[in-house]
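# Coordinates in review
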Amino acid sequence: MNIIKMIFILSIFSNYFSIKGDLPTEIKKCPAGDEVCISTLITQILRTYPKGVPSIGLDAVDVIHFTDVVVAEADSSTPVQLNLKFNTLTVRGFENTTILHAVGFDKDLEQPFELSGWIPLLQLNGEYEASGRVLLLPVQGTGEAELQLKDCKFKCKVRAAEDQRNGGKLYAKITKVKCVVDVKGLHVNFQNLFNDQALSDSMNQLININWQDVWHTMGKGINKAVDQVSYSLLSRVALKLPYDDFYLN
Ligand SMILES: *[C@@H]1O[C@H](CO)[C@@H](O)[C@H](O)[C@H]1NC(C)=O
């Protein structure tokens, strides 16, 4: 056997072994279909491993970085008159998620999964660009922004397909994630609106007083961002952790 062939075969083996993941041994697995156990299990994984679990492909959840997040886009066919984009965005707080319901976690992958729960506080920081109108008033600015989303309730519907791989293990392939997020409070601080500190302060104050109306403008964009991050987190885990190995039985 020549050396090239040997390296090729070795690399296939090492890939095979590094791809297949398993839950950390300290995590107690649940029987398939046990909603209470699975809700607790997912909550526990997020709390115990805020920095992620590389062996199952789970990325850090305590600090998640994004670029180019469009939160609102002015559209003549809707009442939205605001363009709001984050060139960079860091989201903190997913590690404190409590999963309340985990439906559909059984051996049948074709049924949709449903995950619902709440997060006490999501802290968003980034570089924003805004133009258009909010609360009927013109806004214009670029700079640093901080947003706090309080008491976030979410419900995500996840669809997956079977991915039967060599070696007989069944993996899940995430095909769709759709989330609905609602908040009990929103507090913003957009710095440098209109290049003017005093105007910026009063605009932020106005937004914070009328946060519910502002949430209606931004909620759709935030939902979409949540869909994307959930999809990417779940897909990476599904790629690495065999679906069968998630359960006890
Ligand atoms: C998450 O919960 C811990 C413990 O209650 C708290 O110290 C921390 O500030 C929370 N993180 C966020 C981003 O709210």
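Residues numbered from 1 in each chain as written. Predicted model: local features only at pLDDT ≥ 70, side-chain atom pairs only at ≥ 80, totals over all residues. Heavy atoms only, no water.

### Quick look at the overall build of the protein chain
Along its length, the protein chain carries four helices and seven strands. When the helices and strands of the protein chain are placed in sequence order, the string is α-α-β-β-β-β-β-β-β-α-α. Each of the three principal axes of the protein chain carries a C-alpha extent, and together these read 70 × 50 × 35 Å. Classification of the 249 residues of the protein chain by burial places 41% in the buried group. Within the protein chain, contacts between residues at least 6 apart in sequence are counted, and of these 68% link residues at least 24 apart. Surface summary for the protein chain: the accessible area is close to 13800 Å², and the carbon and sulfur share equals 58%. Positive and negative side-chain charges of the protein chain, numbering 25 and 28 respectively, have mean locations separated by a distance of 5 Å. (Helix = DSSP H or I, 4+ residues; strand = E, 2+ residues; numbered from the N terminus. Buried < 20%, exposed > 50% of the residue type's maximum accessible area, 1.4 Å probe, protein only. Contact = heavy atoms within 4.5 Å. Areas by Shrake-Rupley, 256 points an atom, 1.4 Å probe, with all protein chains shown as cover. Lys, Arg positive; Asp, Glu negative; His and termini not counted. Charge placed at Lys NZ, Arg CZ, Asp CG, Glu CD.)

### Observations concerning the site of the ligand
In the vicinity of the ligand, the residues found are Gly 93, Glu 95, Asn 96 and Leu 121. Side-chain polar atom of Asn 96 to an oxygen atom of the ligand: 2.4 Å apart, as the coordinates give it. Protein contacts shield 38% of the accessible area of the ligand, which totals 360 Å² for the unbound molecule. (Near = heavy atom within 4 Å. Polar contact = N/O pair within 3.5 Å; in protein donor to acceptor, adjacent residues only side chain to side chain.)

### Regarding the environment of Ala 102
Among the secondary structure elements, Ala 102 is positioned in strand 3 (residues 98-103). Each C-alpha atom of the pair Ala 102 and Lys 176 lies 16 Å from the other, and the pair is 74 residues apart in sequence. Look past the residues within four positions of Ala 102 in its chain and what remains in contact with it is Glu 35, Ile 38, Ser 39, Glu 114 and Leu 115.

### A look at the confidence of the model for the protein chain
Summing up the model confidence of the protein chain, the mean pLDDT is 88 and the portion of residues at 70 or higher is 92%. Low confidence marks residues 14-18, where pLDDT is under 50. Its contacts with residues over four positions away, or in another chain, come to one contact. (pLDDT = per-residue confidence, 0-100.)

### Notes on the side chain of Asp 245
Inspection of the secondary structure puts Asp 245 in the segment after helix 4 (211-240). You can call Asp 245 buried: its relative accessible area is 11%. A polar contact is formed between the side chain of Asp 245 and the side chain of Lys 169, at a distance of 3.0 Å.

### Some words on the packing of aromatic side chains
Counted according to the given criterion, the structure contains six aromatic pairs. Here Tyr 243 and Tyr 247 contribute two aromatic rings whose centre-to-centre distance is 5.3 Å and whose plane-to-plane angle is 90°, an arrangement assigned as edge-to-face. With a centroid separation of 5.1 Å and 75° between ring planes, the pair formed by Phe 246 and Tyr 247 is classed as edge-to-face. Tyr 247 shares its class with Phe 246; the two are buried. Here the aromatic residues Phe 105, Phe 113, Tyr 243, Phe 246 and Tyr 247 are joined through ring pairs into a cluster of three or more. Looking at Arg 165, its charged tip hangs above the ring of Tyr 171, at a distance of 3.4 Å from the centre. (Phe/Tyr/Trp six-rings, centres within 6.5 Å; stacked < 30°, edge-to-face > 60°. Lys NZ or Arg CZ within 6 Å of the ring centre and 35° of its normal.)

### Considering the pattern of salt bridges
Scanning all chains against the criterion turns up eight salt bridges. We note a salt bridge from Asp 59 to Arg 236, for which the minimum N-O separation is 2.9 Å. Remark: Arg 236 occurs in helix 4 and Asp 59 occurs in the loop between helix 2 (35-48) and strand 1 (63-72); sequence separation between them is 177 residues. Here Arg 236 falls in the partly exposed class, since its relative accessible area comes to 44%. For the salt bridge of Lys 85 with Asp 68, the shortest nitrogen-to-oxygen distance reads 3.5 Å. Of this pair, Lys 85 sits in strand 2 (residues 82-92) while Asp 68 sits in strand 1, placing them 17 residues apart in sequence. (Salt bridge = Lys/Arg side-chain N within 4 Å of Asp/Glu carboxyl O.)

### Comments concerning helix 2
The end-to-end C-alpha distance of helix 2 is 20 Å, a good match for the 20 Å that 14 residues give at a rise of 1.5 Å each. Those residues of helix 2 not exposed but buried are Ile 38, Ser 39, Leu 41, Ile 42, Thr 43, Ile 45 and Leu 46. (Expected span 1.5 Å × (residues − 1).)

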